[in-house]
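Okay, here's what each chain looks like letter by letter:
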Amino acid sequence: MVNYRYLGNSGLKISEITYGNWLTHGSQVENDAATACVRAALDAGISTFDTADVYANTKAEQVLGDALKGERRESLEIFTKVYWPTGPGGPNDTGLSRKHIMESINGSLTRLGTDYVDLYQAHRFDTETPLEETMQAFADIVRQGKALYIGVSEWTADQIRAGHALSKELGFQLISSQPQYSMLWRVIEDEVVPTSAELGISQIVWSPVAQGVLTGKYAPGAELPAGSRATDEKGGANMIKRFLDDDVLRRVQELKPVADELDLSLAQLAVAWVLQNKNVAAALIGASRPEQVAENVKASGVVIPDELLTKIDTILGDVVERDASKTAETAPKGRVA
């Protein structure tokens, strides 16, 4: 079963394995399979579910809401996000303007079939809306009871600091950051994590298995497995390309003895690894089959000894991306229309 951790400097506890439906519900996976995965998550003790309005252009929220129908709402933590374009793509169907945020929260609540979300997250930083306008809208949503807490995703350390200062002024809690983080992608460690720890903000990390590369299923010099994410142009093929280098893939294979020593699969080792970071409250995992959920949950509660953490660093060496500037580099430079 899954362990639980506090999210930021708040009293909210979440499951340290959190179920996310970015690349699955409403797009790659049929509704019945998606519902089976959600049931498997609940059976494994996962109480925290993360989605976003943009996933499958709002369909993922609907599928998650349907899958959770009949569950005791108070026993769940439901997270969603706002920023990316939704709907027909009109001029105000994107960003973090007051208009888009206020309309988006209402749409999300309807699709999820709930009166409130536990965490509402700014899915990216909006360079074209005053931060004061964005944070005031979030403050009003909290006061209306439509969201209990506020978080951000893929914000730089400076953006997090500015947002946190405004949240304090406006009387609500900014408690989380949702960045990409894995053994191979550690760009948050030098700036985002120390800033967040200082401010009482936790990380909810996505792609802990580096879009599947850290499962070991991609072998150096081999054909890409049929039906894998790397072959799915709609399901993240572009994102995974950066890791599909023979040197990276060879080193991932060399992690197998480390995983064996802990009686873990490579995927479980990858999820357990991100959870060793004290500033990480949860690792987001997705699934297209219920058994994948059961396997990932085995990473909860694992303690990786320091000598094995050092061994992992030695094996991966210079293929690890650590450049803190990558957070800003990979962010949209202007509002995405």
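Before reading further, recall that the structure is shown in the block above.
Here the structure is a predicted model, which means the values were calculated and not measured. Per-chain numbering applies: the sequence of each chain, read as written, is numbered from 1 onward. With the structure being a predicted model, the display of local features is reserved for residues of pLDDT at least 70 and the display and counting of side-chain atom pairs for 80 or more, all residues being used for whole-chain, interface and lining totals. Only hydrogens and water are set aside; all other atoms, that is, all heavy atoms of the structure, feed into the side-chain values.

S.K.: I'd like to hear about the overall build of the protein chain, residue by residue, with values.
M.R.: Each helix corresponds to a stretch of at least 4 residues labelled H or I by DSSP, and each strand to a stretch of at least 2 residues labelled E; elements are numbered beginning at the N terminus. When helices and strands are tallied, the protein chain shows 13 helices and 10 strands. Using C-alpha atoms as the atom set, the radius of gyration is obtained and then compared with a globule rule of 2.2 Å times the number of residues to the power 0.38. In terms of overall size, the protein chain behaves like a compact globule, its C-alpha atoms giving a radius of gyration of 19 Å where 337 residues would be expected to give roughly 20 Å. In the protein chain, which comprises 337 residues, the share counted as buried stands at 57%. Every residue pair with non-hydrogen atoms within 4.5 Å of one another is taken to be in contact. The contacts of the protein chain with a sequence gap of at least 6 include a subset with a gap of at least 24, amounting to 79%. Of the roughly 13,800 Å² of accessible surface on the protein chain, a fraction of 49% belongs to carbon and sulfur atoms. Between the centroid of the 33 positive side chains of the protein chain and the centroid of its 46 negative side chains there is a distance of 2 Å. Whether a residue is buried, partly exposed or exposed follows from its accessible area with a 1.4 Å probe, protein chains only, as a fraction of its type maximum: under 20%, in between, or over 50%, in that order. Values of accessible area rely on a 1.4 Å probe in the Shrake-Rupley scheme; residue burial ignores everything except the protein chains shown. By the counting rule applied here, Lys and Arg register as positive and Asp and Glu as negative, while His and the ends of each chain are not counted. To locate a charge, take atom NZ for lysine, CZ for arginine, CG for aspartate or CD for glutamate.

S.K.: Residues and numbers for helix α6 (residues 192-199), please.
M.R.: For α6, the set of buried residues is V192, V193, T195, S196 and L199. Down the axis of α6, the sector holding all buried residues measures 165 degrees, keeping them to one side. Those residues of α6 that are exposed and aimed more than 90 degrees away from the buried face are A197 and E198. Backbone geometry just downstream of α6 places G200 in the positive-phi region, at approximately 80 degrees. Think of the arc as the fan of directions from the helix axis to the C-beta atoms.

S.K.: Account for the layout of surface pockets, naming residues and giving values.
M.R.: Any space left empty among the atoms is revealed by the rolling of a water-sized probe across them. Only protein atoms enter the 1 Å grid used here. Points where a 1.4 Å probe fits but cannot escape make up a cavity, open sets with protein on both sides within 12 Å along at least five of seven lines make up a pocket, and a residue lines them when an atom lies within 4 Å of a point. Grid points are joined across faces, edges and corners, and a volume is the space filled by probe spheres set on the points. In this structure, the second largest pocket occupies an estimated 180 Å³ of space. Along the walls of the second largest pocket sit Y181, R186, E189, W273, Q276, N277, K278, N279, L309 and D313, which together make up its complete lining. Throughout this entry, Asp, Glu, Lys and Arg are counted as charged residues, while Ala, Val, Leu, Ile, Met, Phe, Trp, Tyr, Cys and Pro are counted as nonpolar. The remaining residues, Gly among them, count as polar. Residue classes in the lining of the second largest pocket are distributed as three nonpolar, three polar and four charged.

S.K.: Residues and numbers for the sheet that holds strand β6 (residues 117-122), please.
M.R.: In space, the eight strands of this closed barrel follow the order β3-β4-β5-β6-β7-β8-β9-β10, with parallel pairing throughout. Pairs of neighbouring strands in the sheet enclose a mean axial angle of 30 degrees, with direction left out of account. Think of it this way: DSSP has to see at least two bridges between two strands before they count as a pair. Here strand β9 (residues 202-205) runs beside strand β10 (residues 280-285); their pairing, made up of three bridges, is parallel. Pairing of V205 across the sheet is with A283, part of β10. Only the contacting stretch of a helix is used when fitting its axis, a line to C-alpha atoms as for every element, and angles between N-to-C directions run 0 to 180 degrees. Where helix α5 (residues 157-170) meets the sheet, it contacts β7 (147-152) and β8 (174-177), and its direction lies at approximately 160 degrees from that of β8.

S.K.: Give me the lowdown on the side chain of T134, citing residues and values where you can.
M.R.: As for its position among the elements, T134 is in helix α4 (residues 131-143). For T134, a relative accessible area of 1% corresponds to the buried category. Those residues in contact with T134 that sit more than four places away from it in its chain are L96, I101 and T129.

S.K.: An account of the packing of aromatic side chains is requested, with residue identities and associated values reported.
M.R.: What counts as a ring pair is set by centres within 6.5 Å for rings of Phe, Tyr and Trp (its six-membered ring), and what kind of pair is set by the plane angle: stacked under 30 degrees, edge-to-face over 60, tilted for all other angles. Going through the model one piece at a time under the given rule, you end up with five aromatic pairs. Summarising the aromatic geometry, the rings of Y83 and W84 are spaced 5.0 Å apart at their centres and angled 85 degrees between planes, so their arrangement reads as edge-to-face. Aromatic pair F125 and W155: ring centres 5.0 Å apart, planes at 80 degrees, arrangement edge-to-face. With F125 in the loop between β6 and α4 and W155 in the loop between β7 and α5, this residue pair connects regions lying 30 residues apart in the sequence. Judged by relative accessible area, F125 falls into the buried class, the value being 19%. Given the relative accessible area of 1%, W155 is considered buried. Directly above the ring of Y116 sits R73, whose terminal nitrogen or CZ lies 4.0 Å from the centroid. A ring is scored as having a charge over it whenever the NZ atom of a lysine or the CZ atom of an arginine sits within 6 Å of its centre and within 35 degrees of its normal. The ring of W185 is capped by R242, whose NZ or CZ atom sits 4.4 Å from the centre of that ring.

S.K.: Could you give an account of the pattern of salt bridges, with specific residues and numbers?
M.R.: In what follows, salt bridge is the name for a side-chain nitrogen of Lys or Arg lying within 4 Å of a carboxyl oxygen of Asp or Glu. By the definition in use, this model includes 20 salt bridges. Salt-bridge contacts for R161 lead to E198; the nearest nitrogen and oxygen are separated by 2.9 Å. Placement of R161 in helix α5 and of E198 in helix α6 is noted, with a sequence separation of 37 residues between them. Taking the relative accessible area as the measure of exposure, E198 reaches 55% and is therefore exposed. In this structure, E295 and K298 form a salt bridge, with 2.8 Å as the shortest nitrogen-oxygen distance. When its relative accessible area of 36% is taken as the criterion, E295 is described as partly exposed. In the salt-bridge network here, residues are joined through shared partners; they are D247, R250, R251, E254 and D318.

S.K.: Got a sec to walk through the side chain of S300? Specific residues and values, please.
M.R.: Relative to the helices and strands, S300 resides in the loop between α11 (290-297) and α12 (306-316). N or O atoms closer than or at 3.5 Å make up a polar contact, with two conditions inside protein: a donor-capable atom paired with an acceptor-capable one, and, for residues adjacent in sequence, both atoms drawn from side chains. A distance of 2.6 Å separates a polar atom in the side chain of S300 from a polar atom in the side chain of E16.

S.K.: Which residues make up the environment of V193, and what are the values?
M.R.: By secondary structure assignment, the location of V193 is in helix α6. On the basis of relative accessibility, which here comes to 12%, the residue V193 falls in the buried class. When the C-alpha atoms of V193 and V280 are compared, they prove to be 8.7 Å apart, with 87 residues separating the residues in sequence. Once residues within four sequence positions are removed from consideration, V193 is found in contact with I188, Q203, N277 and N279.

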